[in-house]
Every structure is written in structure tokens, then in C-alpha cells.
Amino acid sequence: MGRKTVLKNFRIIDEGVNILGSVIAEDGIIRDVIPGPGGYSEDSGDLLSDRRIVRHIQNADMVIDGGEGTDKWGLTLLPALVDLHAHFRDPGFPEKETLESASLAAAAGGYGTVVCMANTHPVLDTREAVISLRARADALDLIDLFPAMALSRGMEGKELSGIVKLPVAGAGGVVRILSEDGKDLANSALFTAALEEARRAGVVVSVHAELGSIESQAARKSGKARAVWSRMEEINGVRRAIELGKKTGCHIHIAHVSTLEAAEMIRAAKAERGGAAGGFVLSAEVTPHHLFLSEEDAAELGSETHGLVNPPLRSALDRQALIAAVLDGTIDAIATDHAPHTRSDKEGGAAGFTGFETAFSICLTELVREDRLSLPRLASLMSGAPARILGLADRGRIVPGCRADFFVVDASANWTVDPALFRSRGKNSPCTGRELRGRVLMTIRQGRPVFVSPGF
Ligand SMILES: [Zn+2]
């Protein structure tokens, strides 16, 4: 018999499940989800639970109790999070982050599956480079890593990358996202050719929609604020991505939507697509920081230093529009854009925030309050939906047959963000000192704990 883990007395939540009960995992796969209490009443000694659980507990290799030490259902069990967008800085920038520190940080944030972007040194622009990074991640055995491949060779925007040699993605495909993250592919002819290759291989293209135009360049030259020209760039980039997506029939995924206008364009394109046939699929993500913070926060942190991120933190109006787009389903997924930097790099104007270790708590604090969004919907945005975008049918749910990838949360605990305690080398959090709700206590990969919070 295989290795067995019993997770008992949890509130079990995924996008379609919200019960009190227990999960039985065997050989890294969920074997059963059993509603009701898992154990004996300490007062009377009466058997409270389904007899199946008792039998499982007797021959389990590990029992994790969500209600231990309490007389109530204490902790929440969710499917491990799936991140469509992170920067691991490996190979090339160990002072910012390494594969190991990024993987530890991801696990500490509740993530089980992560897409890391290709803007490393050297750039991940061949299938071999992707496979070799993935193999190194597998050896660490902390998370399931799907490195993105660049669209152009060396991310230089001159010729296509190894995507021309990409086989048609099957169930075991390692390359599941292509992206020129960090910049948009300015040459539209080359971008179209890349989308056609992606369409052929059946791989999603994540678009970092920031495309310069005559107007945005003029605005930039005349000394207009970043808020002005970067908004033009996002609108321009999203418009072109949707147009070329329609033309090529490729699955376009818009990364880190930050403006009201971009959200509106995506909403309109999705409505139109609903009425039309064709292979074009459009999905979109938003980051926790764009939902939680605005330009006032950036100004306070230093708009060109510690508060700098691409795209920039926007107005309160944009923030409300993004939350509305999450609520009405225009935005499919929440992705971290985890972008670790050293302190001196931030002071020198490097863009981006460390994100893994605050993402879930930010979303819980910001979205799951006043019943704006339910916890099952949040599980969908951070796990079920991104797993579907990646074509991974074996995760993102807590149902029999799925991978036994979970994380345990104390949803009622408040904590204060202290980057000194992060596993990530990047301490560049815009939430330093803020109080957030919901503490990640444990992350489980294929039935085995890979992260346990001190004190749990
Ligand atoms: Zn990015």
C-alpha cells in the first residue's frame, strides 16, 4: 500500500467545494473527501466520525488535524495556489533570488505550481533551457515549476526563439506559457509569427501589454508623468494583443491588467467572443498589489524607487475597476508578478515587488470581506482558473483523482508583514508593516508537507 496522509477536521474549500470534513491522500493523489468530523468525542469517547476515516487514520503515515487543540473546526484547507506569473531570477541574478529561495517563498505563500518568466540571464529561449530549469526545480521537490519560454531569441525582438521547434503540447508538455515578459514584442510582424507558432503548438501566450505608440512616446518626451504614458502603453498593448489574437486564433493571456480601459477592452472582447466561433481564447490576470494599492501608496514608498512597479500602481478609480472586473469574471486569475530585487537595485529604480508571501493574505484581506467575494471564488481565481489556463486538469481542486497539493490557512489570524521573515531574498514588499488577514500555516505537495510555519 502507498504512503497515506489523512487531513482531518478541516473546512475544505475549493471553487466547487465548501464542507467540513477530511481528505485522504494516497501516493500523492486525493483518494477521498469525507464530510463530517474525523475522530472521537473527547468527552464521551463516542465515535463521531464516519467509520471510513477511523480506518484510514489507523494505517496513515501522517495525520494532520485542522481542529487540534480546539473544540471547533479551526483551520481551512485549500488547493495549493497556482501562479501564472513570477520572476525567479535564476539563472543569472542570485543577489536578487535563486531557484531555491523562490521555491521556498512560493511554498511559504501556499503556492504549489508556478510559472516563472524567461527574462533571466541567459534568457529561457529554447525548450532545452526550460527543461533544464524544470529538472533543477524537480530536484528541490518544493513546487511544480513551469518555466515560460521567450517569444524572441534572447528577448531581443529580432528573430523567433525556440518556439519554431516546439512540439504540439500534450498532457505532459513542459512549455505551457510563452512570454516576452518585461517588454512587449514591438515588431507586430514578428509578434504575429510568434502567435502563429504558439497556435500551432497549442501553447498560451502571456502578453506583457506595454506597447509604445507615437502618442505615448510624445507624452514621454514632453515630460508627462509615468502615469500618463504608461497608461497609453497598456491600452495600446492590450488592443494589439486582442486584434492579433483574433487574427491568429491563439490563446492570449493578458498579464497584470492595471487600468480601467484595459479591463473594459477585455470585457468587450470576451462578450464579442461569446457570440462568435473560432479558436481565439482570451484570459487575463491581475496582481494583488494592483488590487490593494494605488498611486498614493506608490508616492509614499517613492514612485521611482520602492513604490515602482510595471505597470505602475494606478488611481483609486482603476483599482475599483479592477475589483469590479474580478467580481464579474472579466479577469480570470490573480497572479503575483513576484519580482524580487535587492535594496540597492530598488533604490536605483528597479521595477517590481516581492509577492509570494503576501499574495493570498492580501486577496483575503481585500476581496473576501463584507461578502464581496466568497472564499471558493478566491480559490478559483488563485488555483482552479490558473490551472485551467495552463491546461493542467490534475490540480486546482480538492476532489478525488487530483494531486494532493494543498495549503492550510488560519483565515481569522491577523499578522503584520515583516520582510525580514520572508524566505524570498527579495524584501521589496510594498506592504511592509501592514496588517493582513489570513496566515498560511502549511503547504503540502503530493501529500507531504513542504512548508510548515514556525509555531504550527
Ligand atoms: Zn512580470
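### Focus: the pairing of strand 12 (residues 281–286)
Alright, step 1. Counting buried residues in strand 12 gives five out of six residues, a clear majority hidden from the surface.
Alright, step 2. Relative to strand 12, strand 11 (residues 251–254) runs parallel, the two sharing four bridges. Each residue of the ladder has a partner; that of isoleucine 254, found in strand 12, is alanine 284.
Alright, step 3. Inspection of the sheet shows strand 12 paired to strand 13 (residues 333–334) by two bridges, in the parallel sense. Across the sheet, glutamate 285 pairs through a bridge with alanine 333, a residue of strand 13.

### Considering the sheet that holds strand 10 (residues 204–207)
Alright, step 1. Spatially, the five strands line up as an open sheet ordered 9-10-11-12-13, and their pairing is parallel. Looking at the sheet topology across the chains shown, the edges are occupied by strand 9 (177–179) and strand 13.
Alright, step 2. Note that strand 9 and strand 10 share three bridges and pair parallel. Following the sheet pairing, serine 179 is matched in strand 10 by serine 206.

### Some details on the coordination of the zinc ion
Alright, step 1. Those protein atoms acting as donors to the zinc ion are His85 (NE2), His87 (NE2), Asp181 (OD), Asp181 (OD) and Asp337 (OD), and they sit at 2.1 to 2.8 Å.
Alright, step 2. All donors of the zinc ion come from a single chain, and their spacing in sequence reads H-x1-H-x93-D-x155-D. On the criterion of sequence distance, the pair formed by aspartate 181 in the loop between strand 9 and helix 4 (188–201) and aspartate 337 in the loop between strand 13 and helix 11 (343–347) is long-range, its members being 156 residues apart. Residue aspartate 181 shares its accessibility class with aspartate 337, and that shared class is buried.

### Description of the sheet that holds strand 6 (residues 81–86)
Alright, step 1. Spatial ordering of the open sheet is given by 6-7-8, a layout of three strands whose pairing is parallel. Both edges of this open sheet fall to strand 6 and strand 8 (144–147), since each of them pairs with a single strand only. The mean inter-strand angle of the sheet, taken between neighbouring strand axes irrespective of direction, is 15°.
Alright, step 2. Across four bridges, the pairing between strand 7 (residues 111–116) and strand 8 is parallel.

### A word on the domain arrangement of the chain
Alright, step 1. Taken domain by domain, the chain consists of domain 1 (4–77 + 405–452) and domain 2 (80–389).
Alright, step 2. Placing a centre on the C-alpha atoms of domain 1 and another on those of domain 2 gives a separation of 29 Å.
Alright, step 3. For the pair domain 1 and domain 2, the summed buried surface comes to about 3,200 Å²; carbon and sulfur atoms form 59% of the total.
Alright, step 4. Where domain 1 packs against domain 2, one counts four salt bridges.
Alright, step 5. The shortest N-O distance in the salt bridge between aspartate 297 and arginine 434 comes to 2.8 Å.
Alright, step 6. Inspection of the domain 1/domain 2 interface yields 23 residue pairs in polar contact (both at pLDDT 80 or more).
Alright, step 7. Elements that contribute at least two residues to the side of domain 1 that touches domain 2 include exactly strand 1 (4–14), strand 2 (17–26), strand 14 (406–416), strand 15 (435–445) and strand 16 (448–452).
Alright, step 8. With six residues, strand 15 is the single largest residue contributor to the side of domain 1 that touches domain 2.
Alright, step 9. Looking at the side of domain 1 that touches domain 2, its residues break down into 16 nonpolar, eight polar and ten charged.

### Re the pairing of strand 6
Alright, step 1. Most of strand 6 is tucked away: six of the six residues are buried.
Alright, step 2. Considered for its hand, the β-α-β crossover made up of strand 6, helix 2 (residues 99–108) and strand 7 is right-handed.

### Focus: the pattern of salt bridges
Alright, step 1. As enumerated under the stated definition, the model contains 29 salt bridges in all.
Alright, step 2. Residues arginine 226 and glutamate 304 are paired through a salt bridge, measuring 2.8 Å at the closest nitrogen-oxygen approach. Of this pair, arginine 226 sits in helix 6 (residues 226–248) while glutamate 304 sits in helix 9 (residues 295–306); the two residues are 78 residues apart in sequence, bridging distant segments of the chain.
Alright, step 3. Connected via shared salt-bridge partners are Arg134, Asp138, Asp144, Asp394, Arg395, Arg403 and Asp405.

### Topic: the side chain of aspartate 90
Alright, step 1. Here aspartate 90 is to be found in the loop between strand 6 and helix 2.
Alright, step 2. Overall, aspartate 90 belongs to the buried group, its relative accessible area being 11%.
Alright, step 3. Within polar-contact distance, the side chain of aspartate 90 engages the side chain of arginine 136 at 3.0 Å.
Alright, step 4. Excluding anything up to four places from it in sequence, aspartate 90 contacts Thr98, Leu99, Thr120, Leu133 and Arg136.

### Quick look at the packing of aromatic side chains
Alright, step 1. With the rule as written, the count across this model stands at three aromatic pairs.
Alright, step 2. A ring pair is formed by tyrosine 111 and phenylalanine 356, whose centres lie 5.5 Å apart and whose planes are at 50°; its orientation type is tilted. Here tyrosine 111, found in strand 7, pairs with phenylalanine 356, found in helix 12 (residues 356–367); they are 245 residues apart in sequence, far enough to count as distant.
Alright, step 3. For phenylalanine 356, a relative accessible area of 0% puts it in the buried group.
Alright, step 4. Relative to phenylalanine 407, the ring of phenylalanine 360 lies with its centre 5.0 Å away and its plane at 85°, an arrangement referred to as edge-to-face. With phenylalanine 360 in helix 12 and phenylalanine 407 in strand 14, this pair connects stretches of sequence that are 47 residues apart. For the pair formed by phenylalanine 360 and phenylalanine 407, the shared burial category is buried.

### Overview of unusual backbone geometry
Alright, step 1. The linkage connecting aspartate 90 with the following residue, proline 91, adopts the cis geometry, with an omega of 5°.
Alright, step 2. Residue position: proline 91 is located in the loop between strand 6 and helix 2.
Alright, step 3. Residue asparagine 310 is joined to proline 311 through a cis peptide bond whose omega torsion reads -15°.
Alright, step 4. Along the chain, the position of proline 311 falls in the loop between helix 9 and helix 10 (316–327).
Alright, step 5. The backbone of histidine 256 sits at a positive phi, close to 25°, despite the residue not being glycine.
Alright, step 6. Within the secondary structure layout, histidine 256 lies in the loop between strand 11 and helix 7 (260–275).
Alright, step 7. Phi at aspartate 337 takes a positive value of approximately 50°, unusual for a residue other than glycine.
Alright, step 8. Judged by relative accessible area, which is 6%, aspartate 337 ranks as buried.

Each value, and the rule that gives it
Residues numbered from 1 in each chain as written. Predicted model: local features only at pLDDT ≥ 70, side-chain atom pairs only at ≥ 80, totals over all residues. Heavy atoms only, no water. Buried < 20%, exposed > 50% of the residue type's maximum accessible area, 1.4 Å probe, protein only. Helix = DSSP H or I, 4+ residues; strand = E, 2+ residues; numbered from the N terminus. Pairing = 2+ DSSP bridges. Donors = N, O, S within 2.8 Å, 3.2 Å for Na, K, Ca; no water. Axes fitted to C-alpha atoms, helices over the stretch in contact; angles between N-to-C directions. Domains from an automatic or database assignment. Buried area = accessible area lost by both parts, 1.4 Å probe. Salt bridge = Lys/Arg side-chain N within 4 Å of Asp/Glu carboxyl O. Polar contact = N/O pair within 3.5 Å; in protein donor to acceptor, adjacent residues only side chain to side chain. Nonpolar A, V, L, I, M, F, W, Y, C, P; charged D, E, K, R; others polar. Right-handed = clockwise from strand over helix to strand, strands pointing away. Contact = heavy atoms within 4.5 Å. Phe/Tyr/Trp six-rings, centres within 6.5 Å; stacked < 30°, edge-to-face > 60°.

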